[in-house]
Each structure stands twice: as structure tokens, then as C-alpha cells.
Amino acid sequence: MGSDIHPGDRLTPAAQGVAVLFVVSAYTLSRGALARLEAAALASVPGAVRLIRLEETGPDLLTTLDQMRAEGHRRIRVQPFGFPFPESLLAWLPGVLAHWRARGNTDTEVSLGPDPGRDAAALQAFATVALAGEARPVEGTRPSLGKPGWTLPPDFDFHLLVCTGPRCAIHGAAAFLQMLKAELAAAGLTERCLITRTGCIYPCNKGPVLTLYPQGGWYRLPDLAATRRFVREVLAGGGVAEELKFHTSGAPRATHPPQQEKTS
Ligand code: FES
């Protein structure tokens, strides 16, 4: 680790034999916006560069590290990318990266780059670039605080709050959400369900997790079999699937250490 990049180094990561993995944290990000970030990241330095989003879409962090190692990279710099980058993730990432190394990857050096949001010059440059663009006048735009249809809740029977936070993502939340939607469609339940993607709802270690309302059940659905059973037994059949449920809203919780506030 001591041979990694230092702020004063003039060599590029590629020249030092370091592959770069940019990580973005953004709950709402279109595919187009993600593609633009990826293009910028790839253009920023020569050599092996990848970019992933830590929430919901695409390969998760651990899978990507596995892939980079399989490609032969033995020195990887994970670089937070974007303003602001959540401080809770900056605190979480070192342990995750150490976990990845400890599970059979000790032949690979991994380092974590600094928070770009701490660089005053970079922030100032970003503001300067933003102000250099031409502003569009709003005169002539119809005044509105929302669309006419944004008045009533949609018609649904089940409200599913699906965590797509970064800690659930490393447990497969991205694949889970797609799997859940496919199972709902196969069971003819899509129209009866309102799916809301959420940030962290706390029991990250059980990820992927969802909560079901109005029943108030908290479920861990780690694979296709569990997801299919949840859809068929709980939603379609009106059952509970106790083996998959780990909590009910309002019920006493199991004793555990005090929780620290998470912001993502
Ligand atoms: S990230 Fe899903 S519960 Fe924390």
C-alpha cells in the first residue's frame, strides 16, 4: 500500500501500474448522465479505468474488483467521484475494500483515493465551469409546481420499499430489483404493486431487503427462490413466509448495538 499514488506524484496511475476504479454515489442518475460520467472518467487518465455507481445499477463494487483482478490488475485505486461524495460512504469503503482483500485477494494492493469534495480548488473550478455556461431565461415557461396528475396516490394494493443503498448493492440489490420486477410481472402483480426504491433503511447486513406495506413486514430476499416465494406466497397468496421475514414494523426489535446515523 505504501507504494501507491501520492498527491505530489507526476506519474499517471497507468505509469505506476495502477488501475483506477471510479465510484459514484447518486440515487437518481439517468443512464445518459451515468454514461457522461463514465466517458469523463475514462478520458481523465490513460490506462485501465472503470466507473461504477454504488447504488442499484450495474455491477457492484465487489464484483467489479473481482473482474479487475481477473483481468490481471494487482494494484487498484478506488476513487470517489462526484460532489458531494457521502461521508458515510467514505467511512464505509475502507472496510469493504479490506474485506474484499481478505477474501482471497491479498495479492492485490487496493487504495482509496481522497474525497474530491475536500479540494477547494476543484470545487471552485466546478463552480466556474458551471457559471461559464449560458443561463436560460424562464420567461415564457408555464408556471407550475407539478403536473396535474400529481394529486392522488396511485391505485395499488402493496407498497414495496426496496433498498437500493450501496451496502445492499454489494449484496446484490441491483439484480434483486430486476428479479423482483420480473417475478411480479410473471405473477400478474405489477399493477397491484407500488415499488419505491429507497436509500439505506438500516439492516444492511441482511441485504437485499424490502419492506411490505400495509402489512409492515421486513424481508430479506437473497436469491431467486426467495423472491419467487415472496411474490407467490406473500403477495399472491396472502401468506407471511416467516422464514424470509426478519421484522414487523411496530414489533419489538431484537437487541443490537446502538445504530449510528446513516445518510446513504
Ligand atoms: S443499504 Fe440497504 S439497508 Fe442499508
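Computed from a prediction, not measured in an experiment: that's the story for all the values here. (Residues numbered from 1 in each chain as written. Predicted model: local features only at pLDDT ≥ 70, side-chain atom pairs only at ≥ 80, totals over all residues. Heavy atoms only, no water.)

(A) Structural detail: the packing of helix H6 (residues 173-186) against helix H7 (residues 224-236). The geometry of H6 relative to H7 is characterised by a closest axis approach of 10 Å and an angle of 40° between their N-to-C directions. What the angle tells us is that H6 and H7 run oblique. The way H6 lies across H7 gives a crossing that is right-handed. Mapping the contact onto sequence places Phe176, Met179, Leu180, Glu183 and Leu184 in H6 and Leu224, Thr227, Arg228, Val231, Arg232 and Leu235 in H7. Here the residues of the contact of H6 with H7 sort into seven nonpolar, one polar and three charged. (Axes fitted to C-alpha atoms, helices over the stretch in contact; angles between N-to-C directions. Helix = DSSP H or I, 4+ residues; strand = E, 2+ residues; numbered from the N terminus. Parallel < 35°, antiparallel > 145°, perpendicular 65-115°, else oblique. Left-handed = near helix turned anticlockwise from the far one by under 90°. Contact = heavy atoms within 4.5 Å. Nonpolar A, V, L, I, M, F, W, Y, C, P; charged D, E, K, R; others polar.)

(B) Spotlight on the sheet that holds strand E4 (residues 109-112). Spatially, the four strands line up as an open sheet ordered E2-E1-E3-E4, and their pairing is parallel. Each of the sheet's edge strands pairs with one partner strand only, and the pair in question is strand E2 (49-53) and E4. Looking at each pair of strands side by side, their axes are set apart by 20° on average, direction ignored. As paired strands, strand E3 (residues 75-80) and E4 are joined by four bridges and run parallel to one another. Bridge assignment links valine 78 to a residue of E4, and that residue is leucine 112. Seen against the sheet, helix H1 (residues 31-44) touches strand E1 (19-24) and E2 and runs at an angle of roughly 155° to E2. Sitting on the sheet, helix H2 (residues 61-70) is in contact with E1, E2 and E3, with an inclination near 165° to E1. (Pairing = 2+ DSSP bridges.)

(C) Local environment of the pairing of E1. Of all the six residues making up E1, six are buried; the element is thus mostly covered by neighbouring parts of the structure. A two-sided burial pattern is seen for E1, the buried positions comprising Ala19, Leu21 and Val23 on one face and Val20, Phe22 and Val24 on the other. Sheet topology places E1 next to E2; five bridges connect them, and they run parallel. Bridge pairing in E2 places valine 24 opposite arginine 53. Considered for its hand, the β-α-β crossover made up of E1, H1 and E2 is right-handed. (Buried < 20%, exposed > 50% of the residue type's maximum accessible area, 1.4 Å probe, protein only. Right-handed = clockwise from strand over helix to strand, strands pointing away.)

(D) Unusual backbone geometry, seen in detail. Here the residue pair phenylalanine 83 and proline 84 is connected by a cis peptide bond, since its omega of -20° sits within 30 degrees of zero. With respect to the element layout, proline 84 can be found in the loop between E3 and helix H3 (87-102). Positioned with a positive phi, alanine 241 is a non-glycine residue whose angle comes to about 55°. Summarising the element assignment, alanine 241 is placed in the loop between H7 and strand E9 (245-248).

(E) The pairing of strand E5 (residues 158-163), seen in detail. Pairing analysis gives six bridges linking E5 to strand E6 (residues 193-198), with the strands arranged parallel. Across the sheet, the residue bridging to histidine 159 is leucine 194, located in E6. Sheet topology places E5 next to strand E7 (residues 209-213); four bridges connect them, and they run antiparallel. Each bridged residue has a counterpart across the sheet, and for histidine 159 the counterpart in E7 is tyrosine 213.

(F) Structural view of the domain arrangement of the protein chain. According to the domain assignment, the protein chain consists of domain 1 (19-119) and domain 2 (158-248). Taken over C-alpha atoms, the centre of domain 1 sits 27 Å from the centre of domain 2. Buried area between domain 1 and domain 2, both sides added, is near 1000 Å², and the carbon and sulfur share of it is 62%. Scanning the region where domain 1 abuts domain 2 turns up zero residue pairs in polar contact (both at pLDDT 80 or more). Of all elements in the fold, only H2 and H3 reach the threshold of two or more residues within the side of domain 1 that touches domain 2. It is H3 that contributes the most residues to the side of domain 1 that touches domain 2, three residues altogether. Of the residues in the side of domain 1 that touches domain 2, the class split is seven nonpolar, two polar and three charged. (Domains from an automatic or database assignment. Buried area = accessible area lost by both parts, 1.4 Å probe. Polar contact = N/O pair within 3.5 Å; in protein donor to acceptor, adjacent residues only side chain to side chain.)

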